[in-house]
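Examining the three-dimensional arrangement
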There are 2 protein chains.
Amino acid sequence: MDIRELFAKKEEFLGKEVTLHGWIRNHRNQKKMGFLDFYDGTTFSLLQLTYNAETASPDMMAALSALKIGSCTEITGTVVPNERNHTIEIELSSLRVIGECAEDYPLQPKRHSLEFLREHAYLRPRTRLFQAVFRVRSVAAMAIHEYFQSRGYLYVHTPLFTANDAEGAGNTFTVTTFDPSKGEKCDYADDFFGRHTSLAVTGQLEGETFAMAFSKIYTFGPTFRAENSNTRTHASEFWMIEPEVAFTDLFGLMDLEEDFLKTILTTILSRCDSELEYLEKYNNLPLRERMKKLISSEIARVSFHDAITILKEADKTENFAFKPDYDSDLAKEHEKYLTDKKFGAPVFVYNWPKDFKAFYMYQNDDKETVAAVDLLVPDAGELMGGSQRETRYDLLLSRMNELGISAESMYWYCNLRKYGGCTHSGFGMGFERLIIYVTGMENIRDVIPYYRTPGNCDF
Amino acid sequence: MDIRELFAKKEEFLGKEVTLHGWIRNHRNQKKMGFLDFYDGTTFSLLQLTYNAETASPDMMAALSALKIGSCTEITGTVVPNERNHTIEIELSSLRVIGECAEDYPLQPKRHSLEFLREHAYLRPRTRLFQAVFRVRSVAAMAIHEYFQSRGYLYVHTPLFTANDAEGAGNTFTVTTFDPSKGEKCDYADDFFGRHTSLAVTGQLEGETFAMAFSKIYTFGPTFRAENSNTRTHASEFWMIEPEVAFTDLFGLMDLEEDFLKTILTTILSRCDSELEYLEKYNNLPLRERMKKLISSEIARVSFHDAITILKEADKTENFAFKPDYDSDLAKEHEKYLTDKKFGAPVFVYNWPKDFKAFYMYQNDDKETVAAVDLLVPDAGELMGGSQRETRYDLLLSRMNELGISAESMYWYCNLRKYGGCTHSGFGMGFERLIIYVTGMENIRDVIPYYRTPGNCDF
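In this text, all values refer to a predicted model and were calculated from it rather than measured experimentally.

**A look at the overall build of chain A**
When its secondary structure is counted, chain A shows 14 helices and 16 strands. Along the first, second and third principal axes, the C-alpha atoms of chain A reach 85 × 60 × 45 Å. Partitioning the contacts of chain A with sequence separation of at least 6, the portion at a separation of at least 24 is 67%. A total accessible area of about 18,200 Å² is found for chain A, and carbon and sulfur atoms account for 46% of it. Charged side chains in chain A number 52 positive and 68 negative. The centres of these two groups are separated by 4 Å.

Here is the structure:
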């Protein structure tokens, strides 16, 4: 039995003796009573073990006096009510150490800095903070699968090795079986795949091929970027969700994004209340309140052009550091003004100048904009980016040509427009962006089990 | 509305007019009656559209006479019973082509070879065969998540970039931002991560660090092997599931593997009956029958030593091409004898000679074997491989030393044994092996959306 089961059936176990396995996080010895924080990670709920030094067996007292924080134990005791916290605790009858914890154990019962915990990333899942973060991450991942599967979407594993470069040049990792440290000139034609191969920055293009067969599909897998930037929001390896939906235009896509986000947040709220309560205190943020507010608000919709008009007007009083302009991208302060002040809600900004966006987006009749949409969320910034796809073969090819993207090597992508195409749309959401928003953690390094950033590939 | 919804509520829709979007797979024109195979991929169930050439509108007849296989259409019609198949069909009242299909469309209403379909892998999801295969794949993935999540396991995204080489030397892809084709000698210290970095061949080691915090965890992600072998079962990129469980020994692990496999197969059977029925005919295999047999059989358990003894005895009549030997690995024919003839059921073969297995496996008291277990399944061969882990710090280090594996760079893995360790075990299952078994497809290239093998990185 694990602690999750014990809590799930606590009424049933009251007054009964149970044996559990788990770790000691803290040990307080107050005169004759002793208290142990005991966990096995299967639930975030705290389980306290208690003992009375005067009545405990000499064997157990000997084990307790030698007990070190971090030790792995087998304990037996009686389940009793803990009146103060309206929960249960265990009156210990025996404790046996099954895995000693060495003296130099880095985690001690005090608040460690996040940087210290990153240096000991292999141990940080044991802390209460990261038990909360990674439980939320796991629950969020499942919520996403449930959302799509229950609505008939097909889960597609798009390839990670690719000879394409979907977003245009740059920022990709090369994959090779050559050894560049040997200084031999290597012809990619002799490499493992017989050509230059890199790691995918998106699964969208292959995802589209499946949407043209299954109508509704989603991907959920790792993505790689060789961006040499050390910010709080960039990692070289992260997970992404990319649904693609046939027979759906830009406005249908916004409906999907809105329903998706609200449903995922509702699921996380219902399954991670204790974790979120803890994270609210740790990060001093009203996490649940802001999620509930998002769920009950209607997401505003404004075209990029109208957003700039609003911002230009606002600039008179806001005096933005970056001046809003119809030819410039939105700055963070602009996004913040739109979500926090103008609309007091998340905002879809749609119909972007085509030069800001990727080649595959639907070209609007104005010849200036494409049917792209970014979702801006208060406290989270840009959470999703999507578009209706360019489905007119000639227009797609001429745009690729303009941007110097080879249509020849992507014949299969272009051909989707020749062989029974239809209006279709999709979005991408960086999974870690969602987890940062939900947990209130500030740094992407603290929401991924083992983060990879320039110069860091530890563990 | 999509076809999945129509079938789910077919009684409700009987006699009503509906509008649907989807593709034309076939068109048969028999005297005055016409029949169209129509699909949108949201369900495997066939939906037939019918029309009466004598009563249909001239507009629709014009559209129908110009209609090409593969076209994308919007159709409207009345839902009526299809008595012959105990299902429903649509009496067409209008049909509009929304996406033309060009003359050179490679898919025609006939049986294409698997090789031809691999060459057109971006179109094959549209065929009935691959609609079945990839639906089963998606359902199986979800079944795996449900299995673990409903039992309190934490889903962990282990890193894909790694500076470790978990299974010992070789077979890994190097990841770099250098360009080896330039012929410059590149110092890995100047590379993106400041050291030589490769793609993970397993997430197990990092998974163990999480099992020592959450007790029960699983991974489900891509894995990479640079093996230069062109077989039916090898791919350079595939997906793997690796659970790790604390407080569980080798025999507890077998219990888990057995329960896991039977539960997953039960879920697939209950959700993919039509797909499996189709695949049975295509591959001429009793897929559902053999899955049901596996579910109802008890998985046999035999030590490697006893398995060899059995095989040596059997060799007198079987006359194996490879002679069974206590110092040699099992050959395919040996596995087949054990599952098909000796036990008539799947078999766990456990306690393997240590030289056949990885460094991290628990060393048995006999000093010769380790607590490893392979699951052999009739018609599938080795489906899972697992072990109880070596949790004794000194024994782990001496084994790593023997095998020339650096304990220094893997200090964090070794330290799990110093800081509150416990008996724990885990297994790995190649996801495509499961899909091959379930679908009866023979080649891994036909169960992955876009396969990567030596010399192939198309699409």
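**A look at the interface of chain B and chain A**
Counting residues at the interface gives 114 residues for chain B, matched by 114 residues for chain A. Buried surface at the junction of chain B and chain A, both sides included, amounts to about 9,100 Å², of which 63% is carbon and sulfur. The largest contributions to the chain B side of the interface with chain A come from His157(B), Phe192(B) and Tyr419(B), which together make up 9% of the buried area. Here chain B is connected to chain A by six salt bridges. Residues Lys418(B) and Asp104(A) are paired through a salt bridge, measuring 3.2 Å at the closest nitrogen-oxygen approach. Applying the counting criterion to the chain B and chain A interface returns 51 residue pairs in polar contact (both at pLDDT 80 or more). Per-class residue counts for the side of chain B that touches chain A are 55 nonpolar, 36 polar and 23 charged. As defined by bridge partners, strand E8 (residues 174-176) of chain A adjoins strand E8 (residues 174-176) of chain B across three bridges and the pair is classed as antiparallel.

**Focus: the pairing of strand E15 (residues 381-388) of chain B**
All names here are of chain B. Extensive coverage of E15 is indicated by the burial of six of its eight residues. The turn linking strand E14 (residues 369-377) back onto E15 is made up of three residues, and Asp379 within it adopts a positive phi angle of 70°. Pairing analysis gives four bridges linking E15 to strand E16 (residues 424-430), with the strands arranged antiparallel. Counterpart to Gly385 in the pairing with E16 is Gly428.

**Focus: the sheet that holds strand E3 (residues 47-52) of chain B**
Residues and elements named next belong to chain B. Around the barrel, five strands lie side by side as E1-E2-E3-E5-E4; this closed barrel has mixed pairing. Shown here is a sheet whose adjacent strand axes are inclined to one another by a mean of 55°, direction ignored. The strands touched by helix H3 (residues 58-66) are strand E1 (17-30), strand E2 (33-39), E3 and strand E5 (87-99); relative to E5, the strand with the most contacts, the crossing angle is about 80°.

**Quick look at the relation of the copies chain B and chain A**
Once turned by 180° and shifted 0.0 Å along the axis, chain B lies on chain A with an RMSD of 0.0 Å. The transformation just described matches what one would write down for a two-fold rotation axis. An overlap of 100% is found between the interface residues of chain B and their copies at the interface of chain A, pointing to a shared contact surface.

**Some points on helix H6 (residues 204-214) of chain B**
Residues and elements named next belong to chain B. Across the eleven residues of H6, eleven count as buried, placing the element largely inside the fold. Within the span of H6, buried status applies to Gln204, Leu205, Glu206, Gly207, Glu208, Thr209, Phe210, Ala211, Met212, Ala213 and Phe214. After H6 finishes, the residue Ser215 shows a positive phi value of roughly 65°.

**Here we look at the pairing of strand E4 (residues 72-82) of chain A**
Residue and element names in this part refer to chain A. A large share of E4 lies buried, amounting to eight of its eleven residues. Across seven bridges, strand E1 (residues 17-30) lies against E4 in antiparallel orientation. The residue of E4 that forms the bridge with Glu17 is Thr78. Bridge analysis of E4 against strand E5 (residues 87-99) gives eleven bridges, and the strand direction is antiparallel. Bridged to Val80 within E5 is Glu89. Taken together, E4 and the strand that follows it, E5, pair antiparallel across an intervening segment of four residues, in which His86 is found at a positive phi of about 50°.

**As for a negative patch on the surface**
All names here are of chain A. Taken together, the side chains of Asp325, Asp327, Asp365, Asp366 and Glu368 define an acidic patch exposed on the protein surface. Within the fold, Asp366 resides in the loop between strand E13 (347-353) and strand E14 (369-377). Look at Asp366 and you get partly exposed, because its relative accessible area is 42%.

**Digging into the pattern of salt bridges**
A side chain of one charge can pair with a side chain of the opposite charge when the charged atoms of the two come close. Evaluation of the coordinates by the stated rule reveals 60 salt bridges over all chains. Among the ionic pairs, Arg96(B) bridges to Glu74(B), the shortest N-O distance being 3.5 Å. Linking Arg96(B) in strand E5 with Glu74(B) in strand E4 (residues 72-82), this pair joins segments that are 22 residues apart in sequence. Here Arg96(B) falls in the partly exposed class, since its relative accessible area comes to 45%. In the salt-bridge network here, residues are joined through shared partners; they are Glu115(A), Arg118(A), Arg124(A) and Asp446(A).

**Focus on the environment of His120(B)**
Residues and elements named next belong to chain B. Position of His120 among the secondary structure elements: in the loop between helix H4 (114-119) and helix H5 (128-150). For His120, a relative accessible area of 18% puts it in the buried group. Considering only alpha carbons, one finds His120 and Leu20, 100 residues apart in sequence, at a separation of 27 Å. Excluding residues within four positions of it along the chain, His120 makes contact with Pro106 and Phe459.

**Observations concerning the side chain of Asp446(B)**
Residue and element names in this part refer to chain B. Within the secondary structure, Asp446 sits in the segment after helix H14 (431-439). Judged by its relative accessible area of 0%, Asp446 falls in the buried class. Side chain to side chain, Asp446 and Arg118 meet in a polar contact 2.7 Å long. At 3.2 Å, the side chain of Asp446 and the side chain of Arg124 are in polar contact. Those residues in contact with Asp446 that lie beyond four places of it in its chain are Leu114, Arg118, Arg124, Phe130, Val133 and Met441.

**A short note on the packing of aromatic side chains**
The tally for this structure, following the rule as stated, stands at 70 aromatic pairs over all chains. Relative to Phe214(B), the ring of Phe210(B) has its centre 6.1 Å away and its plane inclined at 5°; by these criteria the two rings are stacked. Here Phe210(B) and its partner Phe214(B) are both found in helix H6, four residues apart, which amounts to about one turn of the helix. One exposure class covers both Phe210(B) and Phe214(B), and it is buried. Grouping aromatic residues by their ring pairs yields a cluster made of Tyr122(A), Phe130(A), Phe134(A), Tyr450(A), Phe459(A), Phe210(B), Phe214(B), Phe359(B), Tyr360(B), Tyr411(B), Trp412(B) and Tyr413(B). Here the basic side chain of Arg111(A) rests over the ring of Tyr282(A), its NZ or CZ set 3.8 Å away from the ring centre.

**A closer look at the sheet that holds strand E2 (residues 33-39) of chain A**
Remark on secondary structure: sheet strands pair via backbone hydrogen bonds, oriented parallel or antiparallel. All names here are of chain A. The strand order around the closed barrel formed by five strands is E1-E2-E3-E5-E4, and the pairing between neighbours is mixed. Going across the sheet, the axis of each strand differs from the next one's by a mean of 55°, ignoring polarity. Along the sheet, helix H3 (residues 58-66) contacts E1, E2, strand E3 (47-52) and E5; its crossing angle with E5, the most-contacted strand, is approximately 80°.

**Quick notes on the packing of helix H5 (residues 128-150) of chain A against helix H8 (residues 273-283) of chain A**
All names here are of chain A. For the pair H5 and H8, the least separation of the axes is 9 Å and the interaxial angle reads 125°. Overall, the two elements H5 and H8 adopt an arrangement that is oblique. Considering how the two elements wind past one another, H5 and H8 form a crossing that is left-handed. For the pair H5 and H8, contact is made by Arg128, Leu129, Ala132, Val133, Arg135 and Val136 and by Glu275, Tyr278, Leu279 and Tyr282, respectively.

**Quick look at the environment of Leu250(B)**
All names here are of chain B. Mapped onto the elements of the fold, Leu250 is located in helix H7 (residues 250-271). Overall, the relative accessible area of 3% leaves Leu250 in the buried class. Considering only alpha carbons, one finds Leu250 and Ala143, 107 residues apart in sequence, at a separation of 24 Å. Discounting chain neighbours no more than four positions away, the residues touching Leu250 are Tyr350, Asn351, Ala371, Ala372, Val373, Ser387, Gln388 and Ser425.

Cut-off values and rules
- Residues numbered from 1 in each chain as written.
- Chains lettered and ligands numbered in written order.
- Predicted model: local features only at pLDDT ≥ 70, side-chain atom pairs only at ≥ 80, totals over all residues.
- Heavy atoms only, no water.
- Helix = DSSP H or I, 4+ residues; strand = E, 2+ residues; numbered from the N terminus.
- Contact = heavy atoms within 4.5 Å.
- Areas by Shrake-Rupley, 256 points an atom, 1.4 Å probe, with all protein chains shown as cover.
- Lys, Arg positive; Asp, Glu negative; His and termini not counted.
- Charge placed at Lys NZ, Arg CZ, Asp CG, Glu CD.
- Buried area = accessible area lost by both parts, 1.4 Å probe.
- Salt bridge = Lys/Arg side-chain N within 4 Å of Asp/Glu carboxyl O.
- Polar contact = N/O pair within 3.5 Å; in protein donor to acceptor, adjacent residues only side chain to side chain.
- Nonpolar A, V, L, I, M, F, W, Y, C, P; charged D, E, K, R; others polar.
- Pairing = 2+ DSSP bridges.
- Buried < 20%, exposed > 50% of the residue type's maximum accessible area, 1.4 Å probe, protein only.
- Axes fitted to C-alpha atoms, helices over the stretch in contact; angles between N-to-C directions.
- Least-squares fit on C-alpha atoms with pLDDT ≥ 70 in both.
- Patch = residues over 30% accessible without salt bridge, like charges linked within 9 Å, V, L, I, M, F, W, Y side chains within 5 Å.
- Phe/Tyr/Trp six-rings, centres within 6.5 Å; stacked < 30°, edge-to-face > 60°.
- Lys NZ or Arg CZ within 6 Å of the ring centre and 35° of its normal.
- Parallel < 35°, antiparallel > 145°, perpendicular 65-115°, else oblique.
- Left-handed = near helix turned anticlockwise from the far one by under 90°.

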